[in-house]
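Geometric and topological summary
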Amino acid sequence: MKLQTLNDILTAIVNRRSDRVMMQRESINWVSISSAELYQKVAGIARGLREWGLRKGDRVAILSENRPEWTITDFACLSIGAVVVPVYATLTDRQTAELLCDSGVRAIVLSTQQQLDKVQSVRDQTPVEHILVMDHVESAHAFSLSRMAQAGPSQRDPEFEALAASIRPDDLATIIYTSGTTGTPKGAMLTHGNMASNIECSLGEFGVGEGETSLSFLPLSHVTARHVDFAMLYHGVTLAYCPEMEKLPRALAEVRPSIFVAVPRVYEKIYAQVLQKTRKHPKRAIYEWALEVGRKHKPEILAGRTPSSLAWRVANRVVYSQVRAGLGGQVELFISGGAPLGRELADWYATIGIRIHEGYGLTETSPVIAVNTPRAHKLGTVGKPLSNVEVRI
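The paragraphs below set out a description of the structure included in this document. Model, not experiment: these values are computed from the prediction.

As a working rule, side chains carrying opposite charge can pair if their charged atoms are close by. Tallied over the entire structure, the rule returns 16 salt bridges. A salt bridge links D58 to R106; the nearest nitrogen and oxygen atoms lie 2.9 Å apart. Within this pair, whereas D58 is found in the loop between α2 (35–51) and β3 (59–63), its partner R106 is found in strand β5 (residues 105–110), the two being separated by 48 residues in sequence. Each member of the pair, D58 together with R106, is buried. Between R295 and E292 there is a salt bridge whose closest N-O contact spans 3.3 Å. Taken as a pair, R295 and E292 lie in helix α12 (residues 283–296) at a separation of 3 residues, close to a single helical turn. Residue E292 is classed as partly exposed on the basis of its relative accessible area, which comes to 41%. Ionic contacts of the salt-bridge type, sharing partners, join the residues D58, R106 and E129 into one network.

Spelled out as structure tokens, the structure:
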């Protein structure tokens with residue numbers, strides 16, 4: 001079906017009837033969330049918000065690290081026509097208050113006791129009427145999100161689905177605040193149609209789908225991560241949530257994703273770790289030899305082919321595969337966005353057998369403008385514009 005609103009993504013997920021839409025780590029195990037469970041939670045939260053009097057156009061903030069509840073709340077708000085306002089979990093209490101006031105937030109969904117304390121300290125300076133908490137927190141000032149989610153229907157709910165279907169492409173979906181690097185953060189107002197049209201095209205050339213897994217670790221308060229996660233879910237890719245960057249290595253080793261989407265800073269850290277581990281003899285000599293072999297076969301890598309020479313296979317086994325092992329060992333698709341990757345860094349990865357597909361976009365453009373794809377890939381560029389995007393210079 002043609003994607004017209006973000007609510008169509010939820011419909012696609014539910015119709016797929018998957019046993020593993022999302023994954024989260026609980027204690028020592030990764031637990032899956034099925035499409036049926038997702039539907040129940042989304043519908044339950046949507047019903048609860050409606051009972052509180054929230055309606056189409058009302059602003060609801062989400063202040064949390066990456067976790068399934070972030071996306072579940074997002075879907076619930078969008079389903080009733082509410083406007084989602086993501087809030088960076090690292091903002092100070094004053095910065096949080098300014099954002100809540102500027103956007104006119106009526107309700108906020110937050111993750112932990114720490115975030116609750118932050119909001120409570122400035123609540124009287126904001127228009128916030130209701131607070132929901134994801135963690136099990138005892139508070140007279142907030143309501144349990146899980147309790148609201150569990151009250152959802154066990155079967156498909158025609159009334160809920162009719163309400164979600166009534167939302168139109170031109171309806172406002174979200175207000176995403178920029179990082180403020182050029183001054184005070186400003187809210188970009190994006191409609192359902194803005195984001196849906198972009199999501200439908202951004203991964204169209206990559207062939208991703210059911211049976212694949214991607215880690216959600218980039219902050220969902222940023223447009224890049226939110227877009228990527230929506231797109232993955234739309235195409236049937238399972239999302240495994242990693243709430244803290246410090247836990248990323250463990251999550252990669254345990255989940256072993258087939259898709260890796262990151263910002264350049266993450267790719268830079270991996271590069272720096274490799275240099276650190278190979279700085280002494282004899283590892284340095286082996287590393288330098290492997291780079292020399294890789295340079296000779298770089299055109300094949302950039303063309304999407306796996307070199308077959310004996311030298312490359314040895315270098316791959318001794319050096320290249322060790323880098324990929326640190327990323328779980330199963331990644332077949334690497335994507336970079338959110339900032340410039342840099343020609344030298346992209347070149348180094350291609351030398352060790354990893355082709356990174358770099359893209360470019362803006363918050364205001366929902367966000368992807370251009371991206372390198374498996375069929376159209378040129379090192380040092382951000383690729384061609386999406387098929388439904390016009391670019392003028």
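Below, the discussion takes up the side chain of T363. Within the secondary structure, T363 is located in the loop between β14 (356–361) and β15 (368–371). Assessed through its relative accessible area of 15%, T363 is described here as buried. Those residues within four positions of T363 in sequence are excluded, and the remaining contacts are I176, T178, A188, L190 and V223.

Counting residues in each nonpolar core, the largest one holds 105 residues, and the members touching the most others are I9, L38, I199, F217, F260, Y267 and Y349. Top element by residues in this core is helix α9 (residues 223–234). It accounts for 8 residues. Aside from chain neighbours lying at most four places away, what touches F217 is N66, C242, M245, L248, F260, V261, A262 and V266. Counting 21 residues, the second-largest nonpolar core is a separate cluster that includes Y88, L110, A142 and I175.

On to helix α3 (residues 68–79). Helix length check: α3 (12 residues) gives 17 Å between terminal C-alpha atoms against 16 Å at 1.5 Å per residue, within 8%. Of all 12 residues that make up α3, 12 are buried, and the element is covered over most of its length. Among the residues of α3, those classed as buried are P68, E69, W70, T71, I72, T73, D74, F75, A76, C77, L78 and S79. Note on α3: the residue one or two positions beyond its end, G81, has a positive phi of about 85°.

For an α-helix, 3.6 residues make a turn, and residues three or four places apart therefore share a direction. Taking 1.5 Å per residue as the helical rise, α12 with its 14 residues ought to reach 20 Å, and the 20 Å between its terminal C-alpha atoms agrees with that figure. Along α12, the residues that are buried comprise Y287, A290, L291, V293 and G294. On an axial view of α12, the arc spanned by its buried residues comes to 165°, and they lie on one face. Close packing links the buried residues of α12 with α11 (264–277), α13 (298–302), α14 (310–325) and α15 (343–351).

Burial analysis of strand β4 (residues 83–87) places 5 of its 5 residues in the buried class, which makes it a mostly covered element. Burial of the side chains of β4 extends over both faces: V83, V85 and V87 are buried on one face and V84 and P86 on the other. Bridge count for β3 against β4 is 5 bridges, and the pairing is parallel. Looking across to β4, one finds that I62 is bridged to P86. The β-α-β motif built from β3, the intervening α3 and the parallel element β4 has right-handed crossover chirality.

Our next topic: the state of the cysteines. Scanning all chains against the criterion turns up 0 disulfides. The thiol of C101 is not disulfide-bonded; the next cysteine sulfur, from C77, is found 19 Å away.

Inspection of every chain in the model, using the stated rule, returns 10 aromatic pairs. A centroid spacing of 6.0 Å and a plane angle of 80° characterise the contact between W52 and F143, whose relative ring orientation is edge-to-face. Of this pair, W52 sits in the loop between α2 and β3 while F143 sits in strand β7 (residues 143–144); the two residues are 91 residues apart in sequence, bridging distant segments of the chain. Given a relative accessible area of 25%, W52 falls into the partly exposed group. Note on F143: relative accessible area 31%, which makes it partly exposed. Between W348 and Y349 the ring centres are 4.7 Å apart and the planes differ by 85°, which places this aromatic pair in the edge-to-face class. Side by side, W348 and Y349 carry an identical accessibility label, which is buried. Among the aromatic side chains, those forming a connected cluster through ring pairs are F217, F260, Y267, Y271, F334, W348 and Y349. For R147, the ring lying beneath its charged end belongs to F143, and the centroid distance is 5.4 Å.

On to unusual backbone geometry. The linkage connecting H281 with the following residue, P282, adopts the cis geometry, with an omega of 5°. Among the secondary structure elements, P282 is positioned in the loop between α11 and α12. A cis geometry characterises the amide bond from S366 onward to P367, with omega recorded as -5°. Looking at the secondary structure, you find P367 in the loop between β14 and β15.

Each value, and the rule that gives it
Residues numbered from 1 in each chain as written. Predicted model: local features only at pLDDT ≥ 70, side-chain atom pairs only at ≥ 80, totals over all residues. Heavy atoms only, no water. Salt bridge = Lys/Arg side-chain N within 4 Å of Asp/Glu carboxyl O. Helix = DSSP H or I, 4+ residues; strand = E, 2+ residues; numbered from the N terminus. Buried < 20%, exposed > 50% of the residue type's maximum accessible area, 1.4 Å probe, protein only. Contact = heavy atoms within 4.5 Å. Core = buried A, V, L, I, M, F, W, Y, C linked by side-chain atoms within 4.5 Å. Expected span 1.5 Å × (residues − 1). Arc of directions from axis to C-beta. Pairing = 2+ DSSP bridges. Right-handed = clockwise from strand over helix to strand, strands pointing away. Disulfide = S-S within 2.5 Å. Phe/Tyr/Trp six-rings, centres within 6.5 Å; stacked < 30°, edge-to-face > 60°. Lys NZ or Arg CZ within 6 Å of the ring centre and 35° of its normal.

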